[in-house]
Amino acid sequence: MIGIKLVRIPRRIRSEDVNLRLFRLRDLSALSGLFQEHMSGGSRATGAVPKNLWAFRQWVYRTFQLLYLIERKADKKTTIHGFIGLYNIRLGENLCLSMGIFDPKDRGHRLGSKALQALLDNLGKCGAANTIQAQVAQSNLASIHLFDKLGFDICERSEDDLVMKRSIRPTTQRHWYQ
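Cut-offs and rules
- Residues numbered from 1 in each chain as written.
- Predicted model: local features only at pLDDT ≥ 70, side-chain atom pairs only at ≥ 80, totals over all residues.
- Heavy atoms only, no water.
- Helix = DSSP H or I, 4+ residues; strand = E, 2+ residues; numbered from the N terminus.
- Buried < 20%, exposed > 50% of the residue type's maximum accessible area, 1.4 Å probe, protein only.
- Contact = heavy atoms within 4.5 Å.
- Areas by Shrake-Rupley, 256 points an atom, 1.4 Å probe, with all protein chains shown as cover.
- Axes fitted to C-alpha atoms, helices over the stretch in contact; angles between N-to-C directions.
- Parallel < 35°, antiparallel > 145°, perpendicular 65-115°, else oblique.
- Nonpolar A, V, L, I, M, F, W, Y, C, P; charged D, E, K, R; others polar.

Asks: Hey, could you run me through the overall build of the protein chain in this one?
Replies: Counting its secondary structure elements, the protein chain contains four helices and eight strands. In the protein chain, the succession of helices and strands from N to C terminus is β-β-α-α-β-β-β-α-β-α-β-β. Counting all 178 residues of the protein chain, 42% fall into the buried class. Considering only contacts within the protein chain whose residues lie at least 6 apart along the sequence, 55% involve residues at least 24 apart. In the structure as shown, the protein chain presents an accessible area of about 10,900 Å², 49% of it carried by carbon and sulfur atoms.

Asks: Looking at this structure, I do not really get the packing of helix H1 (residues 28-38) against helix H2 (residues 53-63). What am I missing?
Replies: Packed helix pairs are characterised by how far apart their axes lie and by the angle those axes make with each other. The contact between H1 and H2 brings their axes to 10 Å, and the two run at 90 degrees. Taken together, the axis directions place H1 and H2 in an arrangement best described as roughly perpendicular. Within the contact between the two elements, H1 uses Leu28, Ser29, Leu31, Ser32 and Phe35 and H2 uses Leu53, Phe56, Arg57 and Trp59. In terms of residue class, the contact of H1 with H2 is built from six nonpolar, two polar and one charged.

Given below as structure tokens:
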């Protein structure tokens, strides 16, 4: 018997002072510039980031099945501070994530942890996956600490990387009368 799992992924996730929203094509130019300026080397999980806008578009669509932008509103202007990309998605089972805060000045202010916690909460509500994992360079102590703080455990080690995994417990939606 063949089963099909349907999941409603939220287009926008709001949390405290951080918002997540799905990538739109009109974000391409700004996102390309941010990647070039702050993350041109890419990561082991995602590979090198192309410089050409068309190639960057192709890279985004090939690398991530879902790409959320981390935004924050200040002085009536919303700015993109980072991203959370989801890939290798097997609905109801597991998915992988790649995450980054673009400007080093924005790191260490809990933007990433607030955004990731909001995403994990929403993935639990919609039942998108049972487990989520991230590949982290062993030298990236800040990311290891972030994932550890959010309940991820090290499940694999290689010479340069750690694979950290966390289970996502489905939560029931709360109704207005509860």
